[in-house]
Amino acid sequence: MDFGWTEEQQMWRKTVRDFAQKKIAPRVREIDSTSHIPEDIIRGMAEIGLWAPTVSEEYGGQGMNVTLATIAAEELGRADISLAIPVMYLVEASWGFIFDRYASPALKQEILPKVTAGRAFLGIATTEPGGGSDIEGATRARGEKQADGSWLLNGEKLYISGIKESLRMGGIHMTLVRTDPRAGHRGFTFFAVPLKDNPHVTTTLIENWGRTGISTGGFTMENLPLADHYRIGEEGRGFYYAMEGFTFARALIGATCVGAAEAALEMGVEYIKQRKTFGKPLAAYQGINFPAAEHFTDIEAARLLTYKAAWMADEMYERGAFKHKDVALYGAMAKLRAPIMAFETFNEVANWLGAMGYSKEYPIEMGIRGVRSYSIGAEGGMNIMRMIIARELIGGEYTNPRQ
Ligand SMILES: Cc1cc2nc3c(=O)[nH]c(=O)nc-3n(C[C@H](O)[C@H](O)[C@H](O)COP(=O)(O)OP(=O)(O)OC[C@H]3O[C@@H](n4cnc5c(N)ncnc54)[C@H](O)[C@@H]3O)c2cc1C
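Residues numbered from 1 in each chain as written. Predicted model: local features only at pLDDT ≥ 70, side-chain atom pairs only at ≥ 80, totals over all residues. Heavy atoms only, no water.

Draft legend 1. Region of the structure containing the domain arrangement of the protein chain. Along its sequence, the protein chain is carved into domain 1 (7-121), domain 2 (122-232) and domain 3 (238-399). Relative placement of domain 1 and domain 3: their C-alpha centres are 20 Å apart. Between domain 1 and domain 3, the contact holds 29 residues from the first and 41 residues from the second. Summed over both partners, the interface of domain 1 with domain 3 buries about 2800 Å², with 68% contributed by carbon and sulfur atoms. Of all residues in domain 1, R29, V66 and I81 bury the most surface against domain 3, accounting for 24% of the area lost on that side. Inspection of the domain 1/domain 3 interface yields 6 salt bridges. For R78, the salt bridge identified is with E266, shortest N-O distance 3.9 Å. The interface formed by domain 1 and domain 3 holds 12 residue pairs in polar contact (both at pLDDT 80 or more) in total. Looking at the side of domain 1 that touches domain 3, the elements with two or more residues in it are α2 (28-34), α4 (66-79) and α5 (84-102). When residues of the side of domain 1 that touches domain 3 are assigned to their parent elements, the largest contribution, 11 residues, is made by α5. (Domains from an automatic or database assignment. Contact = heavy atoms within 4.5 Å. Buried area = accessible area lost by both parts, 1.4 Å probe. Salt bridge = Lys/Arg side-chain N within 4 Å of Asp/Glu carboxyl O. Polar contact = N/O pair within 3.5 Å; in protein donor to acceptor, adjacent residues only side chain to side chain. Helix = DSSP H or I, 4+ residues; strand = E, 2+ residues; numbered from the N terminus.)

Draft legend 2. Expanded view of the layout of surface pockets. Of the volumes computed, that of the second largest pocket is approximately 700 Å³. Along the wall of the second largest pocket there are 22 residues; nearest its centre are D2, F3, G4, Y307 and W311. The set of elements that each furnish at least two residues to the lining of the second largest pocket consists of α1 (7-24), α4 and α10 (286-319). Per-element tally for the lining of the second largest pocket: the top contributor is α10, with 11 residues. The residue makeup of the lining of the second largest pocket, split by class, is 8 nonpolar, 5 polar and 9 charged. Two domains each put at least three residues into the lining of the second largest pocket: domain 1 (7-121) and domain 3 (238-399). (1 Å grid on protein atoms, 1.4 Å probe; cavity = no way out; pocket = protein on both sides within 12 Å on 5 of 7 lines; lining within 4 Å. Points joined across faces, edges and corners; volume = space filled by probe spheres on them. Nonpolar A, V, L, I, M, F, W, Y, C, P; charged D, E, K, R; others polar.)

Draft legend 3. Structural context of the nonpolar core. Counting 127 residues, the largest nonpolar core has Y89, W95, F99, M174 and V193 as its most contacted members. Here this core gets 18 residues from one element, more than from any other, and that element is helix α9 (residues 238-274). If near-sequence neighbours (up to four positions away) are discounted, V193 is found in contact with L153, G171, I172, H173, T175, V201, F219, M221, L224 and L226. (Core = buried A, V, L, I, M, F, W, Y, C linked by side-chain atoms within 4.5 Å. Buried < 20%, exposed > 50% of the residue type's maximum accessible area, 1.4 Å probe, protein only.)

Draft legend 4. The packing of α1 against α4, seen in detail. At a minimum axis separation of 9 Å, α1 and α4 run at an interaxial angle of 25°. By the criterion of interaxial angle, the relationship of α1 to α4 is roughly parallel. Where α1 crosses over α4, the two elements pack in a sense that is right-handed. Residues E8, Q9, W12, R13, V16, R17, A20, Q21 and I24 of α1 form the contact with α4, whose own contacting residues are T67, L68, I71, A72, E74, E75, L76, R78 and A79. Looking at the contact of α1 with α4, its residues break down into 9 nonpolar, 3 polar and 6 charged. (Axes fitted to C-alpha atoms, helices over the stretch in contact; angles between N-to-C directions. Parallel < 35°, antiparallel > 145°, perpendicular 65-115°, else oblique. Left-handed = near helix turned anticlockwise from the far one by under 90°.)

Draft legend 5. View of the site of the ligand. Neighbouring residues of the ligand: 18 residues in total, closest T126, T127, G132, S133 and Y159. The separation between an oxygen atom of the ligand and a polar main-chain atom of T126 is 2.7 Å. Here a nitrogen atom of the ligand and a backbone polar atom of Y159 are 2.9 Å apart. Protein chains bury 67% of the 970 Å² of accessible surface belonging to the ligand in isolation. Those elements that place two or more of their residues in the shell around the ligand are β1 (121-125), β3 (151-161) and α13 (382-394). In terms of residue count, the dominant contributor to the shell around the ligand is β3 (3 residues). Taken together, the residues of the shell around the ligand sort by class into 6 nonpolar, 11 polar and 1 charged. (Near = heavy atom within 4 Å. Areas by Shrake-Rupley, 256 points an atom, 1.4 Å probe, with all protein chains shown as cover.)

Draft legend 6. Spotlight on the environment of P199. On the secondary structure map, P199 appears in the loop between β5 (188-193) and β6 (201-206). In this structure P199 comes out as exposed when scored by relative accessible area, which is 76%. Remark: the alpha-carbon pair of P199 and E222, spanning 23 residues in sequence, is separated by 8.9 Å.

Draft legend 7. Fine view of the pattern of salt bridges. Under the criterion given, the structure shown has 29 salt bridges. Residues K325 and D326 are paired through a salt bridge, measuring 3.7 Å at the closest nitrogen-oxygen approach. With a relative accessible area of 42%, K325 lands in the partly exposed category.

What follows is the structure in structure tokens.
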């Protein structure tokens, strides 16, 4: 048992914190109100290796492990309480990792160097209008193999992050389609689908009420021809790759919530030390400082769950010490606890601030809006986390929703 940080981890945290506090934190309101992450921030992130750092060095990444990627997510959450940049980062880091792990060397060579340089977007598209939780039941998008080995894709993806960014920067969305309708969850395959300048793709945008710096939308594929070169990994393994990516992304979500909640709590603590009512600072009242103690503890509990999930993932990848289902359990636990913890912390701090807490003078409202994207849906809703946890605790024979 070792709860300490290595020198490398401490140095990486410092690098990301210095960058994020200097270059991102002062611009969060601008990002939220313009619904746009400025190019110079993206370039700056890429320069210090923060754009898909998990991709191997051969393709311009840093070959970073899950724990280091999680540290960066925490620091980005601390700097951007709206959570737009953390979302952008976590999509690139977790799904870039899956792409690097499974795509062919030729496809990686074509896509990844541009992604790691911050010049292309790599997104994930599993959700459809018919639903996101039940991929096996709801996926209608199809990929049909042609006589020459190429593919024809048809179908619609919706509530997908990074549509506008992909149209602007280029890149691909890792798109999950059914390639063998008779094979259940073993009948899915991922393809790299470029959205920009693609005559077979029509895109739409959705207006969100939180973490507005990164766009959400959808796209329809109509008789989209794709060479087999654009298949990601093995035919029929797409569902498994999706589950693996979700687990990674959930650890990163846990970390962004921890970072953002801690930043909000620190801000709140500064305020309650200054603000006086009835002749004393707010901080002197147990009605204020007891909840502060509770939130401080909740943040630490979420942090421990999050880093346990990250550590287990590294142990799985580096030493084969765990199976994916073990890591998925902790990823789900982190995702179940951290967004609610962050929401409750933001809400409490907003109370301490009084009327100012309801104004845009303080960034708390951006956090409240942003973090709800994590508990409502992104990378799986809360009941899906409960389903994963209950399955491990009680057994799939009792908890499978299809039975
Ligand atoms: C801001 C944002 C960005 C997103 N970005 C992406 C993206 O980049 N790529 C992508 O593929 N998807 C993305 N999503 C979609 C996300 O993955 C889905 O929202 C999520 O999987 C839930 O799917 P759904 O919204 O269709 O809800 P549904 O699947 O319709 O579920 C509705 C509600 O019912 C609950 N529920 C479902 N089944 C059960 C059950 N058996 N028992 C109890 N409760 C249940 C769910 O937890 C949810 O609360 C994004 C979502 C948001 C909000």
